[in-house]
Amino acid sequence: MRKKKVSETNQLDETIRMFVKFSNYLLRLSTERETSLKKRDYENLLKIAVDNLSFVHSGSVLMVDDNDEFYYLATYNHNNELLKNVKFNKQEMSVRRFRQIYIIKKRSLDLIKDKPAKAKEEDSSTNQEISSIDKVKAFISIPIRVRRKVVGFLNLDTWYDEDIFEKKNFQPIAEMMSKLISISAERFELIKTIKEQNEQISKNLLMDTLTRLPNLKALGNYFDRYVELANRSLNTLYVLYICIENFEQINTMYGPDFGDNLIKKITRLLGNLVRKSDILARIEKYDFAVVTLSRELPRPLINRLYEGMNNFSKKAGIDLDVSIGLAEYGTDSKELDGLLKRAKERTYIARSSERLVE
């Protein structure tokens, strides 16, 4: 009786020692880096489980790909080259594996019988190569979940006794392993999502959300580069201020949806009228700015903008009151804000029949 108690204690100590090493490894990964779990990480987790459990002899990790097919990401004590091209669709996977810790035995009609067959289909070289697969009597399937969705399975195999996982009462430990690895995988997924969202936020902070044009802040970033280009190329930097004076009335008359759609159309038009080397930005609700380099006053660009906006106004049947102001770097100001202010002050000139550069 005493020997039995000692044996049970040793078995319990064995699983506890493995679980502590398993959890410590995941904790170290989660605190030392922000990138998701890799093949090497899963191989190390399998090694910890196999090397520290006397009744576990090999293991594998199945992960789902973009086509909802499961493939072998990592293996331990198996021929990885043989299994790397083996895939299973969801119909080939036992439904119960998606719900809980599940023990699959060789005598059952499920995945364990398909694995050697699929491996032979992929590589028919020698039967000796799949001996580790043929040895498997049973394996315990440990689901990996991210946001409640099963994204993979960590499988631990036994070669000698298909009932060993029940005898060792290993299911509770396996459930804790599932929770730990799922928490770790989900943490990395959340970090990735947050990074992507932060990148998008940063991008949006430099971009007008309606027109997808650079906003005033982004224009400031471009401005310094264009000053350097102007100095190197002996060109002069000019800032154009394009103002649609009566857009507020149009927006009130036809509604905000119509106004937003009109702004988008005007944005496309302006994008076609300016040169590819120019920077077009939306700086106010109804105002645009253009930063351009030229060796002389940019008359062709300004007249092209007037003509294009006039033709658009006629075709759309909307009387757009457009005016354009111009400021020159160095003469009017050396700061973007100063140039925009000076160019805006000059837009009134174009509200009559006069033209700024005619």
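Here the structure is a predicted model, which is why all the values come from computation and not from measurement.

1. Comments concerning the overall build of the protein
Line of reasoning, step 1. For the protein, the count of helices and strands is 12 helices and 10 strands.
Line of reasoning, step 2. Within the protein, buried positions represent 47% of all 358 residues.
Line of reasoning, step 3. Sequence-distant contacts, at least 24 apart, represent 65% of the contacts inside the protein between residues at least 6 apart.
Line of reasoning, step 4. Surface accessibility of the protein: about 19800 Å² in total, with carbon and sulfur atoms responsible for 48%.

2. Observations regarding the sheet that holds strand β2 (residues 70-76)
Line of reasoning, step 1. Overall, antiparallel pairing links the 6 strands, which are arranged β3-β2-β1-β6-β5-β4 in an open sheet. Each of the sheet's edge strands pairs with one partner strand only, and the pair in question is β3 (87-88) and β4 (102-105).
Line of reasoning, step 2. Of the strand pairs in this sheet, strand β5 (residues 138-146) and strand β6 (residues 149-158) are connected by 9 bridges, and their pairing is antiparallel. By the bridge assignment, Ser141 is partnered in β6 with Asn155.
Line of reasoning, step 3. Sitting on the sheet, helix α2 (residues 39-52) is in contact with β1 (58-64), β2, β5 and β6, with an inclination near 55 degrees to β2.

3. A closer look at the side chain of Asn251
Line of reasoning, step 1. Residue placement: Asn251 occurs in helix α9 (residues 247-254).
Line of reasoning, step 2. When neighbours within four sequence positions are excluded, Asn251 is seen to be in contact with Pro256, Gly259 and Tyr286.

4. Describing the nonpolar core
Line of reasoning, step 1. In this structure, Tyr42, Leu154, Leu156, Phe170 and Met177 are the most contacted members of the largest nonpolar core, which totals 39 residues.
Line of reasoning, step 2. Breaking this core down by element, the ones donating at least two residues are α1 (2-32), α2, β1, β2, β5, β6, α6 (164-167) and α7 (171-205).
Line of reasoning, step 3. Look past the residues within four positions of Leu154 in its chain and what remains in contact with it is Phe22, Leu45, Leu46, Ser60, Val61, Ile140, Ser141, Ile142, Ile144, Met177 and Ile181.
Line of reasoning, step 4. Formed by 29 residues, the second largest nonpolar core is a distinct cluster that contains Leu262, Ile263, Leu269 and Met309.

5. Observations concerning the sheet that holds strand β7 (residues 236-244)
Line of reasoning, step 1. Across the sheet, which stays open at both edges, the 4 strands sit in the order β8-β9-β7-β10 with antiparallel pairing between neighbours. For this open sheet the edge positions go to β8 (279-282) and β10 (322-328), each flanked by a neighbour on one side alone. Strand-to-strand twist across the sheet, computed as the mean angle between neighbouring axes with direction ignored, equals 20 degrees.
Line of reasoning, step 2. By the bridge criterion, 4 bridges tie β8 to strand β9 (residues 287-294) in an arrangement that is antiparallel. Within β9, the residue paired with Leu280 across the bridge is Val290.

6. With respect to the pattern of salt bridges
Line of reasoning, step 1. Counted according to the given criterion, the structure contains 11 salt bridges.
Line of reasoning, step 2. Salt-bridge contacts for Arg342 lead to Asp332; the nearest nitrogen and oxygen are separated by 3.9 Å. Of this pair, Arg342 sits in helix α12 (residues 336-345) while Asp332 sits in the loop between β10 and α12, and the two are 10 residues apart along the sequence.
Line of reasoning, step 3. With relative accessibility at 33%, the residue Arg342 sits in the partly exposed group.
Line of reasoning, step 4. The class of Asp332 is partly exposed, set by a relative accessible area of 25%.

7. Overview of α12
Line of reasoning, step 1. Looking only at α12, the buried set comprises Leu336, Leu339, Leu340 and Ala343. Along the axis of α12, the buried residues cluster in a sector spanning 100 degrees; they form a single face. Residues of α12 that are exposed and point over 90 degrees away from its buried face: Asp337 and Lys341.
Line of reasoning, step 2. Where the residues of α12 are buried, they touch α8 (216-233), β7, β9 and β10.

8. Considering the pairing of β5
Line of reasoning, step 1. Of all 9 residues in β5, 8 are buried, a share of seventy percent or more.
Line of reasoning, step 2. Two strands pair when backbone bridges link them, and β4 and β5 are joined in this way by 4 bridges, in the antiparallel orientation. In the strand pairing of β5, Ile103 is matched with Ile140.
Line of reasoning, step 3. The hairpin formed by β5 and β6 contains 2 residues between the paired strands, and Arg147 there has a positive phi angle of roughly 55 degrees.

9. Quick word on the packing of aromatic side chains
Line of reasoning, step 1. Tallied over the full model, the rule gives 10 aromatic pairs.
Line of reasoning, step 2. Between Phe70 and Phe153, the aromatic rings sit 5.6 Å apart at their centres with planes inclined by 45 degrees, giving tilted as the arrangement. Taken together, the residues span a long stretch of sequence, with Phe70 in strand β2 and Phe153 in strand β6 at a distance of 83 residues. With respect to burial, Phe70 and Phe153 carry one shared label: buried.
Line of reasoning, step 3. Linked through ring pairs, Phe55, Phe165 and Phe170 together constitute an aromatic cluster.

10. So, a negative patch on the surface
Line of reasoning, step 1. Taken together, the side chains of Asp224, Glu228, Glu335 and Asp337 make up a negatively charged region of the molecular surface.
Line of reasoning, step 2. Turning to its location among the elements, Asp337 is positioned in helix α12.
Line of reasoning, step 3. Residue classification places Asp337 among the exposed positions, given a relative accessible area of 58%.

11. Quick look at the packing of helix α10 (residues 256-273) against helix α11 (residues 299-316)
Line of reasoning, step 1. Remark: α10 packs on α11, axes separated minimally by 10 Å, with the N-to-C direction vectors making an angle of 145 degrees. Of the two possible hands of crossing, α10 and α11 adopt the one that is right-handed. Residues Leu262, Lys265, Ile266, Leu269, Leu270 and Leu273 of α10 touch α11, and the partners they reach there are Leu301, Arg304, Leu305, Gly308, Met309 and Phe312.
Line of reasoning, step 2. When the residues that make up the contact of α10 with α11 are grouped by side-chain class, the tally is 9 nonpolar, 1 polar and 2 charged.

Conventions we followed
- Residues numbered from 1 in each chain as written.
- Predicted model: local features only at pLDDT ≥ 70, side-chain atom pairs only at ≥ 80, totals over all residues.
- Heavy atoms only, no water.
- Helix = DSSP H or I, 4+ residues; strand = E, 2+ residues; numbered from the N terminus.
- Buried < 20%, exposed > 50% of the residue type's maximum accessible area, 1.4 Å probe, protein only.
- Contact = heavy atoms within 4.5 Å.
- Areas by Shrake-Rupley, 256 points an atom, 1.4 Å probe, with all protein chains shown as cover.
- Pairing = 2+ DSSP bridges.
- Axes fitted to C-alpha atoms, helices over the stretch in contact; angles between N-to-C directions.
- Core = buried A, V, L, I, M, F, W, Y, C linked by side-chain atoms within 4.5 Å.
- Salt bridge = Lys/Arg side-chain N within 4 Å of Asp/Glu carboxyl O.
- Arc of directions from axis to C-beta.
- Phe/Tyr/Trp six-rings, centres within 6.5 Å; stacked < 30°, edge-to-face > 60°.
- Patch = residues over 30% accessible without salt bridge, like charges linked within 9 Å, V, L, I, M, F, W, Y side chains within 5 Å.
- Lys, Arg positive; Asp, Glu negative; His and termini not counted.
- Charge placed at Lys NZ, Arg CZ, Asp CG, Glu CD.
- Left-handed = near helix turned anticlockwise from the far one by under 90°.
- Nonpolar A, V, L, I, M, F, W, Y, C, P; charged D, E, K, R; others polar.

Honestly, it's all geometry; don't read function into it.
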